[in-house]
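Fold and contact review
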Protein chains: 2
Amino acid sequence: MPKKHKSSVVSPESGSARFRQVTILGPGLLGGSVGMAIRKRKLARRVVIWGRRLEAAREAVKKGAADAVAGSPDEAVAGSDLVILCTPVEIMPDLARQFRARLARGAIVTDVGSTKYEVVKVLSQILERKAAFVGAHPMAGSEKDGLKAARANLFDGAVCILTPLPQTAMKAVDRVRVFWERLGCRLRTATPSEHDEWVASISHLPHLTAAALVNSVARGTPRAFDVAGNGFRDTTRVAAGPAEMWTGIILSNREEIRRNLQRLIDELETLNRHITNHAAADLLACLRAAREQRIALKRLKG
Amino acid sequence: MPKKHKSSVVSPESGSARFRQVTILGPGLLGGSVGMAIRKRKLARRVVIWGRRLEAAREAVKKGAADAVAGSPDEAVAGSDLVILCTPVEIMPDLARQFRARLARGAIVTDVGSTKYEVVKVLSQILERKAAFVGAHPMAGSEKDGLKAARANLFDGAVCILTPLPQTAMKAVDRVRVFWERLGCRLRTATPSEHDEWVASISHLPHLTAAALVNSVARGTPRAFDVAGNGFRDTTRVAAGPAEMWTGIILSNREEIRRNLQRLIDELETLNRHITNHAAADLLACLRAAREQRIALKRLKG
């Protein structure tokens, strides 16, 4: 049978969504959820996890996010055909330098980092001639933090943006694309700069806005918190997210965020002017434009 | 039996949460929901509804929000011991002038308006020596608009702020308080000015912020909408609310909103400065303060 003949030439995993061994570095909300999703969907024979705190990695195994704990990043990647960086973006370069030499031949490295320009540039350089790096950003964060909140269906319906470079091997890009699709993501592709521009607008700016909103009410009218309803709660929900992580994300995307903040401040000043001038028609036009756009966004998902 | 004797002296409704007849003016989301809740909880023997569009009032009856439709505001209030204004705030004074002469002796008038200073001042004057006016603001708006979205449990757990004046009859205040409690609200009392200060912060400012956020992204990075996840959706949800209604609300609370907008712009500029200066510790302190405050808010409800 020609089919059988073929499968003896091609390795059982290549071209499929399955991996021999996957390594997860960083057992937090995303790392834990990736591991749980891989094991639930049987996308790898074995999942190895490493965390700076050994205890957290052990917890991840208990939670079903991995089969085994590794004592160090380089031990963790040995023998894996897929390595997923799930740590804060700022420590990814150091990790890559540590494990580089131990990467298996043909291994693919991907990540879940929230900014891409710096990370993709630096990691592609570090891993050059050793492994293909395919930047990825599954947009399934949560204001909940840590492994406790991890769940196998975290990625269901989430957008995942891939940011390959022109020189990235197409085969590696395809395997990473199929991998995130199997985890439930809706895939998009962008250049690292485009990615950072987009997430500045729809993730980093909203976070800063929510934080500024909470802080401005705390400063001016703290008693108002007592009567805050669903509107205020929705608008500020993301501000409950982990402050250290967000500080790192925001500082790694400074230029785009500054542009976005300035645009938002301009819009708020325009509204303030219309209100000061009692310009009902102008104010209405602004609120209408926002309303139509927001309703269109609703349709986009449903 | 002393009990029977008593009930022949005291009217069956006084001191209780029940009314003979309730009039609802304005068959929208709030008016419809109030009617449905009253009928479900049997808080009145009869509910009469009036709307500028006769068709909407008829629809409200079909939906179970009222027993009968009235052809005019003054016809609607005749014989009612409770009148609830559920129209946009800006037309409430005209309505009150129209129905004033037909109010039953001892009738109580309340409303659901989103701002209070102007409305309470003007309506108390118009209704003086005719009926007690007890301003109320059940904070159960929704980005959904109109009668279609009305439901009997809209007020479950919602905060309702009463804004009586020093001269308002305590008995009327108590009846209105008990009424909104029976509808499921958690009651708070404030002066009209305090109310407007609070809602500027936790309702009007978030609305303007959400609208500005949507408009600034539409202006700068419209392609980013395609990858917007739950964070952006939550932060901007309220911007989908009815633009005409919000224009009216915002223009009726200009001074407080301007103060709030300026405070928010100051906070955003502070964040922008920390980001520009790469001041990680300062940025972290801001995000941490917001996070702690937002988490405290979560506890407040649960």
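Residues numbered from 1 in each chain as written. Chains lettered and ligands numbered in written order. Predicted model: local features only at pLDDT ≥ 70, side-chain atom pairs only at ≥ 80, totals over all residues. Heavy atoms only, no water.

Brief notes about the domain arrangement of chain A
Residues and elements named next belong to chain A.
- Split into domains, chain A comes out as domain 1 (17-190) and domain 2 (195-301).
- The straight-line distance from the C-alpha centre of domain 1 to that of domain 2 is 31 Å.
- Domain 1 puts 14 residues into the contact, and the matching count from domain 2 is 15 residues.
- Summing both sides of the interface, domain 1 and domain 2 together bury roughly 1200 Å²; the carbon and sulfur share of this comes to 68%.
- Inspection of the domain 1/domain 2 interface yields zero salt bridges.
- For the interface between domain 1 and domain 2, the tally reads four residue pairs in polar contact (both at pLDDT 80 or more).
- Looking at the side of domain 1 that touches domain 2, its residues break down into five nonpolar, five polar and four charged. (Domains from an automatic or database assignment. Contact = heavy atoms within 4.5 Å. Buried area = accessible area lost by both parts, 1.4 Å probe. Salt bridge = Lys/Arg side-chain N within 4 Å of Asp/Glu carboxyl O. Polar contact = N/O pair within 3.5 Å; in protein donor to acceptor, adjacent residues only side chain to side chain. Nonpolar A, V, L, I, M, F, W, Y, C, P; charged D, E, K, R; others polar.)

What about the environment of Asp174 of chain B?
All names here are of chain B.
- Positionally, Asp174 belongs in helix α7 (residues 170-182).
- For Asp174, a relative accessible area of 35% translates into the label partly exposed.
- The spatial distance from the C-alpha of Asp174 to the C-alpha of Ser80 is 18 Å, given a sequence separation of 94 residues. (Helix = DSSP H or I, 4+ residues; strand = E, 2+ residues; numbered from the N terminus. Buried < 20%, exposed > 50% of the residue type's maximum accessible area, 1.4 Å probe, protein only.)

Topic: the sheet that holds strand β7 (residues 136-138) of chain B
All names here are of chain B.
- Ordered by their spatial adjacency, three strands build an open sheet running β7-β8-β9, and the pairing between neighbours is mixed. Both edges of this open sheet fall to β7 and β9 (186-189), since each of them pairs with a single strand only. Shown here is a sheet whose adjacent strand axes are inclined to one another by a mean of 20°, direction ignored.
- Direction of pairing for β7 relative to strand β8 (residues 159-162): antiparallel, over a ladder of three bridges. Its bridge partner lying in β8, Ala136 is registered against Leu162. (Pairing = 2+ DSSP bridges. Axes fitted to C-alpha atoms, helices over the stretch in contact; angles between N-to-C directions.)

What to know about the pattern of salt bridges
- Considering all chains together, one arrives at 31 salt bridges over all chains under this definition.
- Note that Arg97 of chain A is salt-bridged to Asp94 of chain A, the shortest N-O span being 2.9 Å. One end of the pair is Arg97 of chain A and the other is Asp94 of chain A, both in helix α5 (residues 92-99) and three residues apart, which spans about a single turn.
- Note that Arg259 of chain B and Glu256 of chain B form a salt bridge whose closest N and O atoms lie 3.1 Å from each other. Taken together, the residues span about one helical turn, with Arg259 of chain B and Glu256 of chain B both in helix α11 (residues 254-276) at a distance of three residues.
- Residue classification places Glu256 of chain B among the buried positions, given a relative accessible area of 15%.
- By sharing partners, the salt bridges in this structure join Asp234 and Arg237 of chain A together with Asp234 and Arg237 of chain B into a single network.

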